[in-house]
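Residues per chain are reported as follows:
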Amino acid sequence: MIGKARRKAFAMLAFLKSELFLRFLGGFAVGAVAMVMLQPDEPPLFSSPAVAATQTDAGAL
């Protein structure tokens, strides 16, 4: 039983050190940084009407 658990742990460690996983992790990190850096500073000009409908106007009441 202990031998089987050790083999699984060794396989997981080997996967975490593999080039495939490290490339995936690096790509994920680059993508996350790009998503943060490329966000627009202002909200989009054309947004859904549901978002605009949530704003209330005192004159409309």
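Conventions used here
Counting from 1, residues in each chain are numbered in the order their sequence is written. The predicted nature of this model means local features are confined to residues of pLDDT at least 70 and side-chain atom pairs, given and counted, to a pLDDT of 80 or more, with totals for whole chains, interfaces and linings taken over all residues. The basis for every side-chain value is the complete set of non-hydrogen atoms in the structure, without hydrogens or water. Two aromatic rings from Phe, Tyr or Trp, using only the six-membered ring of Trp, form a pair when their centres are within 6.5 Å; if the ring planes differ by under 30 degrees the pair is stacked, by over 60 it is edge-to-face, and anything between is tilted. Only protein chains enter the accessibility calculation, which uses a 1.4 Å probe. A residue is then buried if its area is under 20% of the maximum for its type, exposed if over 50%, and partly exposed in between. Exposure above 30% relative accessible area and the lack of any salt bridge qualify a residue for a patch; like charges then connect within 9 Å, and the nonpolar side chains Val, Leu, Ile, Met, Phe, Trp and Tyr within 5 Å. Accessible surface is estimated by sampling points in the Shrake-Rupley manner with a 1.4 Å probe; for residues, cover comes only from the protein chains shown. Only one rule defines a salt bridge in this text: a Lys or Arg side-chain nitrogen within 4 Å of an Asp or Glu carboxyl oxygen. Numbered from the N terminus, helices here are DSSP runs of H or I no shorter than four residues, and strands are runs of E no shorter than two.

The subject of this paragraph is the packing of aromatic side chains. One pair of aromatic rings is described through two measures. These are the centre distance and the angle between the planes. Following the criterion strictly, the structure yields two aromatic pairs and no others. Their ring planes at 50 degrees and their centres at 5.3 Å tell us that phenylalanine 15 and phenylalanine 21 sit as a pair that is tilted. Residue classification places phenylalanine 15 among the partly exposed positions, given a relative accessible area of 40%.

On the surface, a nonpolar cluster with roughly 410 Å² of combined accessible area is contributed by Met12, Phe15, Leu16 and Leu20. The leading source of residues in the nonpolar patch is helix 1 (residues 2–16), at three residues. Residue placement: leucine 16 occurs in helix 1. A relative accessible area of 38% means that leucine 16 is categorised as partly exposed.

Right, let's talk about the pattern of salt bridges for a bit. A side chain with one charge can pair with a side chain of the opposite charge if their charged atoms come near. Enumeration over the complete set of coordinates arrives at one salt bridge. Glutamate 19 is paired through a salt bridge with arginine 23; the nearest N and O atoms lie 2.7 Å apart. Remark: arginine 23 and glutamate 19 occur in helix 2 (residues 19–37); sequence separation between them is four residues, near one turn of the helix. Note on accessibility: glutamate 19 and arginine 23 belong to one class, exposed.

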